[in-house]
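Descriptive structure summary
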Amino acid sequence: IAGITQAPTSQILAAGRRMTLRCTQDMRHNAMYWYRQDLGLGLRLIHYSNTAGTTGKGEVPDGYSVSRANTDDFPLTLASAVPSQTSVYFCASSADSYNEQFFGPGTRLTVL
Amino acid sequence: DQQVKQNSPSLSVQEGRISILNCDYTNSMFDYFLWYKKYPAEGPTFLISISSIKDKNEDGRFTVFLNKSAKHLSLHIVPSQPGDSAVYFCAASARWRGSTLGRLYFGRGTQLTVWP
């Protein structure tokens, strides 16, 4: 089934550890995004990529990095996790930056 | 500073009645508006959108109204069903203008509960 997959589904991580959240889409979408969802704050954009090879900062980029080596994959890395990064992370993609976005199932991350 | 606001965190409606979810925005550059629906433990799902050249868009039981002068949009669900119970997010973007082309700005969501 075409769509977006995220891995892992959930993770408990010790503070200071490095973690990469994976995101893969098979819809050949040009644009991809990472959001975090926190209670009462809605969805906030972390980083985005309008096309393979390019990335940009969103609303809350600090402590996160991304890469877009190809069209399908858009990993999000936490270089040194902190408890405030405890959240649910959603990856999304769109055909281009002007179309509606399709979301993955999310990764629930807990940093202790 | 939130550019998209959903001032009602929750809404409770009886099955069969109309649900009206509201959203306000502050950025006059926004020209494309979307509603997403989110069930627990799932990612948001696109529901309906409207371009700023329209003031109404319908899709089955879902209608979105846009009032550009008031910078306000609303989602009407008629008739409401228990399966509609979910969190609804309003989102907006400047598709053709501005330096953040295509970026979606989300509201904080409204939890809709439809009871039998």
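In short, a report on the structure.

The rules behind each value
- Residues numbered from 1 in each chain as written.
- Chains lettered and ligands numbered in written order.
- Predicted model: local features only at pLDDT ≥ 70, side-chain atom pairs only at ≥ 80, totals over all residues.
- Heavy atoms only, no water.
- Disulfide = S-S within 2.5 Å.
- Helix = DSSP H or I, 4+ residues; strand = E, 2+ residues; numbered from the N terminus.
- Buried < 20%, exposed > 50% of the residue type's maximum accessible area, 1.4 Å probe, protein only.
- Contact = heavy atoms within 4.5 Å.
- Salt bridge = Lys/Arg side-chain N within 4 Å of Asp/Glu carboxyl O.
- Polar contact = N/O pair within 3.5 Å; in protein donor to acceptor, adjacent residues only side chain to side chain.
- Nonpolar A, V, L, I, M, F, W, Y, C, P; charged D, E, K, R; others polar.
- Patch = residues over 30% accessible without salt bridge, like charges linked within 9 Å, V, L, I, M, F, W, Y side chains within 5 Å.
- Areas by Shrake-Rupley, 256 points an atom, 1.4 Å probe, with all protein chains shown as cover.
- Phe/Tyr/Trp six-rings, centres within 6.5 Å; stacked < 30°, edge-to-face > 60°.
- Core = buried A, V, L, I, M, F, W, Y, C linked by side-chain atoms within 4.5 Å.

1. Structural notes on the state of the cysteines
- Using the criterion set out here, one finds two disulfides over all chains in the structure.
- Paired by a disulfide, Cys 23 of chain A and Cys 91 of chain A hold their sulfur atoms 1.9 Å apart. The chirality of the disulfide connecting Cys 23 of chain A with Cys 91 of chain A is left-handed, given an S-S dihedral of about -70°. Separated by 68 residues along the polypeptide, Cys 23 of chain A in strand E3 (residues 19-25) and Cys 91 of chain A in strand E9 (residues 87-94) bring together distant segments of the chain. Both residues of the pair, Cys 23 of chain A and Cys 91 of chain A, belong to the buried class.
- Across a sulfur-sulfur distance of 2.0 Å, Cys 23 of chain B and Cys 90 of chain B are joined as a disulfide pair. The sign of the S-S torsion, about -75°, decides the handedness of the disulfide formed by Cys 23 of chain B and Cys 90 of chain B: left-handed. Residue Cys 23 of chain B is located in strand E3 (residues 19-25), and its partner Cys 90 of chain B is located in strand E9 (residues 86-93); the two are separated by 67 residues in the primary sequence.

2. Considerations on the interface of chain B and chain A
- Chain B puts 19 residues into the contact, and the matching count from chain A is 18 residues.
- Counting across the interface, chain B meets chain A through zero salt bridges.
- Taken together, the connections running from chain B to chain A amount to two residue pairs in polar contact (both at pLDDT 80 or more).
- The biggest single contributor to the side of chain B that touches chain A is strand E4 (residues 32-38) of chain B, with four residues.
- Across the side of chain B that touches chain A, the residue classes break down as eleven nonpolar, three polar and five charged.

3. Quick look at a nonpolar patch on the surface
- A contiguous nonpolar surface patch, about 220 Å² in accessible area, is contributed by Ile 18, Ile 20 and Val 78 of chain B.
- Summarising the element assignment, Ile 20 of chain B is placed in strand E3.

4. Side note on the packing of aromatic side chains
- Tallying each qualifying case throughout the model produces twelve aromatic pairs over all chains.
- Here Tyr 25 of chain B and Phe 33 of chain B contribute two aromatic rings whose centre-to-centre distance is 4.7 Å and whose plane-to-plane angle is 40°, an arrangement assigned as tilted. When sorted by exposure, Tyr 25 of chain B lands in the same class as Phe 33 of chain B, which is buried.
- With 6.4 Å between their ring centres and 85° between their planes, Phe 89 of chain B and Phe 106 of chain B make a pair best called edge-to-face. You can see Phe 89 of chain B sitting in strand E9 and its partner Phe 106 of chain B sitting in strand E10 (residues 105-106), a full 17 residues away along the chain. There is no split in this pair, since Phe 89 of chain B and Phe 106 of chain B are both buried.
- Through a chain of ring-to-ring contacts, the aromatic side chains of Tyr 33, Tyr 35 and Phe 103 of chain A together with Tyr 36, Phe 46, Phe 89 and Phe 106 of chain B assemble into a single cluster.

5. With respect to the pattern of salt bridges
All names here are of chain B.
- Overall, the coordinates contain six salt bridges over all chains when judged by the stated rule.
- A salt bridge links Lys 37 to Asp 84, with the shortest nitrogen-to-oxygen separation between them at 3.9 Å. In this pair, Lys 37 is assigned in strand E4 and Asp 84 in the loop between strand E8 (72-77) and E9, connecting sequence segments 47 residues apart.
- Since its relative accessible area comes to 13%, Lys 37 is described here as buried.
- For Asp 84, a relative accessible area of 2% translates into the label buried.
- Between Glu 58 and Lys 56 there is a salt bridge, and its shortest N-O distance comes to 3.7 Å.
- Overall, the relative accessible area of 52% leaves Glu 58 in the exposed class.

6. Considering the environment of Gly 58 of chain A
- Structurally, Gly 58 of chain A is set in the loop between strand E6 (56-57) and strand E7 (64-66).
- In sequence terms Gly 58 of chain A and Phe 90 of chain A are 32 residues apart; their C-alpha atoms lie 14 Å from each other.
- Once you skip the residues sitting within four places of it in the chain, Gly 58 of chain A turns out to touch Leu 45, Ile 46, His 47 and Tyr 48 of chain A together with Arg 103 of chain B.

7. Section: the nonpolar core
Residues and elements named next belong to chain B.
- Residues Phe 33, Trp 35, Leu 73, Leu 75 and Tyr 88 are the most contacted members of the largest nonpolar core, which totals 24 residues.
- Contributions of two or more residues to this core are made by E3, E4, strand E5 (45-51), strand E7 (62-67), E8, E9 and strand E11 (110-115).
- Considering every element that reaches this core, the biggest residue donor is E9, with four residues.
- Other than its neighbours up to four places away in sequence, Leu 73 contacts Leu 21, Asn 22, Cys 23, Tyr 25, Phe 33, Trp 35, Val 64, Phe 65, Leu 66 and Cys 90.

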